[in-house]
Amino acid sequence: MLKKIILILAITGGLSAYAADNYLNSVIIDNADGKTSVVLRSDSIAKVKKEIESPDKIILSIKGISQSPDINTLYKNTSGVNGVVIQNEGNNDIKVYIDAPGISKANVVFDTPNSSPVTVVSPASEQKVLWSIISVILLLAVMRSAKNVKEPLKKSREELIKEREMALYKNFQKEVAAMPSINYKLKSYSKHVLKGETLRHYGENPAKVKL
């Protein structure tokens, strides 16, 4: 059992060491058919991030790769390259500084022994990412605007309901005030009562009754 564990650890360690052995051997600035490419020759493909400082200056941040001791730079069908600087950042990270005319529009291509050249960064992909970010920002702005518009409409509806209730209440008050009042007093009866006269008195003195 112990032998099996040692064997597994040895195989795993060997694979890890093999996976970490990815070296950048060459950096080639190639101009073919009016299109500039930065070709990175390495043992395998690594993750690359292109930063544009100006139309003529870029920085390539490459992760999971080390600088080969005999690394070199080549220029194919191109002129005016001011410089290529390769800097080892440690932890299998490399930065490549390139100063050349129009280099910001260049494709970044990996050329490895086990596969054909692969374009990992292109102006088209960068533009697609940029438009995706802009689209997300615009969508969030529209959603926020819609929310801000919806809240005032809700308040206005509540205000309209309150105003309608107040109008109904005022109309009800007016109707109550305009209703006719019933007078239960009899003027003639109250007049005779004040004089001390009653219906019985009229019965005893029929001559006093005026028709």
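Relevant structure appears above.
Quick look at the structure, then. Owing to the predicted nature of the structure, the values given are computational and were not obtained by experimental measurement.

Cut-offs used in this document
Residues numbered from 1 in each chain as written. Predicted model: local features only at pLDDT ≥ 70, side-chain atom pairs only at ≥ 80, totals over all residues. Heavy atoms only, no water. Helix = DSSP H or I, 4+ residues; strand = E, 2+ residues; numbered from the N terminus. Buried < 20%, exposed > 50% of the residue type's maximum accessible area, 1.4 Å probe, protein only. Contact = heavy atoms within 4.5 Å. Pairing = 2+ DSSP bridges. Axes fitted to C-alpha atoms, helices over the stretch in contact; angles between N-to-C directions. Polar contact = N/O pair within 3.5 Å; in protein donor to acceptor, adjacent residues only side chain to side chain.

1. Describing the overall build of the chain
Now for step 1: When its secondary structure is counted, the chain shows four helices and nine strands.
Now for step 2: Burial statistics for the chain: of 211 residues in total, 20% are counted as buried.
Now for step 3: Contacts in the chain between residues far apart in sequence, at least 24 positions, make up 54% of those at least 6 positions apart.

2. Here we look at the sheet that holds strand β7 (residues 93-99)
Now for step 1: Taken in spatial order, the four strands make up an open sheet running β3-β4-β7-β6, and their pairing is antiparallel. Two strands in the sheet have a free side with no partner beyond their single neighbour: β3 (47-54) and β6 (83-90). Averaged over all pairs of adjacent strands, the angle between strand axes in this sheet comes to 15°, irrespective of strand direction.
Now for step 2: Inspection of the sheet shows β3 paired to strand β4 (residues 57-63) by seven bridges, in the antiparallel sense. Bridge assignment links K50 to a residue of β4, and that residue is L60.

3. Comments concerning the sheet that holds strand β1 (residues 23-32)
Now for step 1: Reading across the sheet, the five strands line up as β5-β1-β2-β8-β9 and stay open at both edges, with mixed pairing between neighbours. Two strands close off the open sheet at either side, each with one partner strand: β5 (66-76) and β9 (118-121). Direction aside, neighbouring strands of the sheet carry axes that sit 25° apart on average.
Now for step 2: Here strand β2 (residues 35-42) runs beside strand β8 (residues 107-111); their pairing, made up of five bridges, is parallel. The residue bridging L40 from the neighbouring strand is F110, located in β8.

4. Structural notes on unusual backbone geometry
Now for step 1: A positive phi angle, close to 55°, is found at D33, a residue other than glycine.
Now for step 2: With respect to the secondary-structure elements, D33 resides in the loop between β1 and β2.
Now for step 3: For N77, which is not glycine, the phi dihedral falls at a positive 55°.
Now for step 4: Along the chain, N77 falls in the loop between β5 and β6.

5. Some words on the pairing of β2
Now for step 1: Most of β2 is tucked away: six of the eight residues are buried.
Now for step 2: Where β1 folds back onto β2 in an antiparallel hairpin, the turn is made up of two residues, including D33, whose phi is positive at roughly 55°.

6. Looking at the side chain of S61
Now for step 1: Within the secondary structure, S61 sits in strand β4.
Now for step 2: Take S61: its relative accessible area is 15%, and that puts it in the buried class.
Now for step 3: Among residues more than four places away in sequence, those in contact with S61 are K47, V48, K49, E51, I94 and K95.

7. A closer look at the environment of D56
Now for step 1: On the secondary structure map, D56 appears in the loop between β3 and β4.
Now for step 2: Residue D56 is classed as partly exposed on the basis of its relative accessible area, which comes to 35%.
Now for step 3: Taking the C-alpha atoms as reference points, D56 and S104, separated by 48 residues in sequence, lie 6.0 Å from one another.
Now for step 4: In contact with D56, other than residues within four places in its own chain, are I98, D99, A100, P101, G102 and I103.
Now for step 5: Only 2.7 Å separates the side chain of D56 from the backbone nitrogen of G102, close enough to count as a polar contact.

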